[in-house]
Number of protein chains: 2
Amino acid sequence: MILLLVSKKVNTIHNSTEQQGQLTIRDIARLSGVSTATVSRLFHNPSCLKPDTKAKIEAVIEKHQYIPNLNASALTTKNTMTVGLIIPTVKSSIHSALIQSVQDTCAELGYSVIMGNTNYSEETEKNLLDIMLNRRVTGIIHAGTVNPKFIAMLRRAAEHSIPSVVVWENISDNEISSVGIDNYRASYDATQYLIDCGHKDMGLLLGPYTTMNRLAQRRLGFMDCMNHNNLYAGDDTIISLSHEVRDGVMGAAMLIGKHPRLTAIYAASDVLAFGALYSLRQMGRRVPKDISLVGFDNIEFSEYCIPSLTTVNVPAVKMGKKAVFELVDKIQHNRLQAKHIYLEHEIIIRDSVANYRAT
Amino acid sequence: MILLLVSKKVNTIHNSTEQQGQLTIRDIARLSGVSTATVSRLFHNPSCLKPDTKAKIEAVIEKHQYIPNLNASALTTKNTMTVGLIIPTVKSSIHSALIQSVQDTCAELGYSVIMGNTNYSEETEKNLLDIMLNRRVTGIIHAGTVNPKFIAMLRRAAEHSIPSVVVWENISDNEISSVGIDNYRASYDATQYLIDCGHKDMGLLLGPYTTMNRLAQRRLGFMDCMNHNNLYAGDDTIISLSHEVRDGVMGAAMLIGKHPRLTAIYAASDVLAFGALYSLRQMGRRVPKDISLVGFDNIEFSEYCIPSLTTVNVPAVKMGKKAVFELVDKIQHNRLQAKHIYLEHEIIIRDSVANYRAT
DNA sequence: TTGAAAGCGCTACCAG
DNA sequence: CTGGTAGCGCTTTCAA
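Per chain, the residues get numbers from 1 upward, laid out in the order the sequence is written. Following the order in which they are written, the chains are lettered starting with A and the ligands numbered starting with 1. Local features in this predicted model are restricted to residues of pLDDT 70 or higher, and side-chain atom pairs are both shown and tallied only at a pLDDT of 80 or more, whereas totals for entire chains, interfaces and linings draw on every residue. Only heavy atoms go into the side-chain values, all of them from the structure, while hydrogens and water stay out.

1. Focus: the pairing of strand S2 (residues 112-117) of chain B
For the record, the criterion: Only protein chains enter the area calculation, which uses a 1.4 Å probe; residues under 20% of their type maximum are buried, those over 50% are exposed, and those in between are partly exposed. For helices the rule is a DSSP run of H or I covering at least 4 residues; for strands it is a run of E covering at least 2, with both sets numbered from the N terminus onward. Criterion used throughout: strands pair if DSSP finds at least two bridges between them. When the strands point away from the viewer and the path from the first strand over the helix to the second turns clockwise, the crossover is right-handed.
Counting buried positions over the six residues of S2 of chain B gives six, a clear majority of the element. Here S2 of chain B shows no split at all, with Ser 112, Ile 114 and Gly 116 of chain B on one side and Val 113, Met 115 and Asn 117 of chain B on the other all buried. Pairing of strand S2 (residues 112-117) of chain A with S2 of chain B, which is carried by three bridges, proceeds in the antiparallel orientation. By the bridge assignment for S2 of chain B, Ile 114 of chain A is matched with Ile 114 of chain B. Note: strand S1 (residues 82-87) of chain B against S2 of chain B, six bridges, orientation parallel. Along S2 of chain B, the bridge assignment pairs Ile 86 of chain B with Gly 116 of chain B. You can see the chain leave S1 of chain B, run along helix H6 (residues 93-109) of chain B and come back into S2 of chain B, and the turn it takes is right-handed.

Below you can see the structure in the form of structure tokens.
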């Protein structure tokens, strides 16, 4: 004969009436005289509960300020409703705009975002990804340094069925989606605009293009456009420093130092342009009278610089939104196939460029 | 006689050799011929494992790319190692600096941060807090609108034993810690600086002080200082709009419209000052020759404005760091008692103020 | 030095 | 419409 003995769960901890917070679903169940399943239903399928059962439970929840533990439910549902956002730094307006947008869109859709700065370090980038995998984020939005090594890592995340989308630039990958502008084309257009305004001697100021693909693209767009117009662009007219305002200050000084007769500087980010503006002023060059300036990003400040900055608009807000939608779409349809979304750029013409061809 | 029959767990799901990702600790245990407890020890107490057991498990982990599930372990340890960060918006440099600092400090200490924008909405603020409680963040850093209602909510979080610290300003609370500058004093000092430079007619430009205590403090500091110096400050010399650059633009125009003879404008944030700078320029007033300008925050751009902006430095990076340390200290020592940390402000003198008293 | 097993708080399936 | 119960992936005694 076989006797099955099941020890009745006693749950001593929760028998004491008043705990300092952290009530569990079991407490609520007990307190309202129903099963945990029923309490759970209140949250996920309230329509199938008898009105007074519902009311009863709700009262208890209200009274005891019960706060469901999302981590616990994620364990069962295997859905943390969290997206991981990897960005280089929040200290640049163009990134902030994206972050804000991602954040807000996620909130709308019920997702939380856990965010990490890479500070432009590949190692940090890798660590961040690991942490996000550890936390089983539902998906990843990557706004960092897009390089093959990292794409490989994202693909590894995909193997663990965590989808991701890269922003700022478009890549070609079957699994990793992307939403961005055509950085090459945008840069080409900006350069062409300058040329159309009659400029012939110009220099480029940009961040570390060797490690950031979108910067490499912008550099290439500039060079190609110059070449196609039979104008000179070489390593001596291209200054690559870092991403900060001070790099713009320094870079402009270097450029003017080497080529005093430049009629225009094209800075591949507004932050650099802002620094350049300051620098040019320091050197006694008036913008746009003596020298013209074009930026890239269209951050909020660029409209209020003196003079206001002609720049390339990057639809950061739209980008963030699209990225989240694409990510969530992948998640919800369990889709592996990547989608690549191209966004339009646009030259915003303001006051920092002299037009020598205008009447 | 009693026979205890325990059904051998079969775990069919995991018996299939190759799953697409998401290996569990049990898989690793099975694969390396040890118990889950032993695998767990590898992560938490590796020194108590026999070297070859250790090596064996490590090999399996490496080979199968096992990624521990932090949510699951949080369920047992009751520690999510996550701090919740509530901020109004990331779109202002002063906030970005804080975010970055909080982020980096948390990362150093092994915490992740889950962040939410309130967009200056009280409702969103409440929702964010709820979400964070749902996610059982280990603690909360609050950089939002400090008002009694929200402090009450944080206290509720404290009841659920989730500690929090408020930043930007100091409060007096027994449970909620704070780290910030003395906004009243800083504002008083900025005003006094202007007065010391010989200014008598000045206006104040600031955000919505009725809903943000630190702005109310700054307003009061300005008014008191003016009064103590027998100078006039009234509702017609104080313009309160919102937080954006355009508010600075508009505000300065309004101020000058009402009081054409103002010799100085004190903007209670650099963003507003930036807008004011633009606006004054539009109106043909040179800074500092015709009119002086003082900002508040010392965001990166203020150094590179033209002219560079005299402003009040708020040690945002230090603040973020201190906030995290205080939070973690509370967590680790299970301390309820609040600590209130005062940070020093400092007037950064640059080129936007004319000194009429100078020789 | 290791293993067995009891949970952590919640969901979801299967009965009724 | 509701309850019982078996997990989710991990940690942590307790025992061996």
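Additional details are given in the paragraphs that follow.
2. With respect to the sheet that holds strand S8 (residues 264-267) of chain B
Residues and elements named next belong to chain B. Test applied: In this description, a line fitted to the C-alpha atoms serves as the axis of each element, helices being fitted only across the stretch in contact, and the angle between N-to-C directions of two axes falls anywhere from 0 to 180 degrees. Working rule for contacts: check all heavy atoms of both residues, and any pair within 4.5 Å makes them a contact.
Within the open sheet, the four strands sit side by side as S7-S6-S8-S9. Their pairing is parallel. Looking at the sheet topology across the chains shown, the edges are occupied by strand S7 (238-240) and strand S9 (292-294). For this sheet, the mean inter-axis angle between neighbouring strands, taken without regard to orientation, is 15 degrees. Pairing of strand S6 (residues 202-206) with S7, which is carried by three bridges, proceeds in the parallel orientation. If you follow Leu 205 over to S7, its bridge partner there is Ile 239. Of the strands in this sheet, S6, S7 and S8 touch helix H10 (residues 213-228), which is tilted by about 175 degrees from S6. Running over the sheet, helix H11 (residues 245-258) touches S6, S7 and S8 and is turned about 155 degrees from S6.

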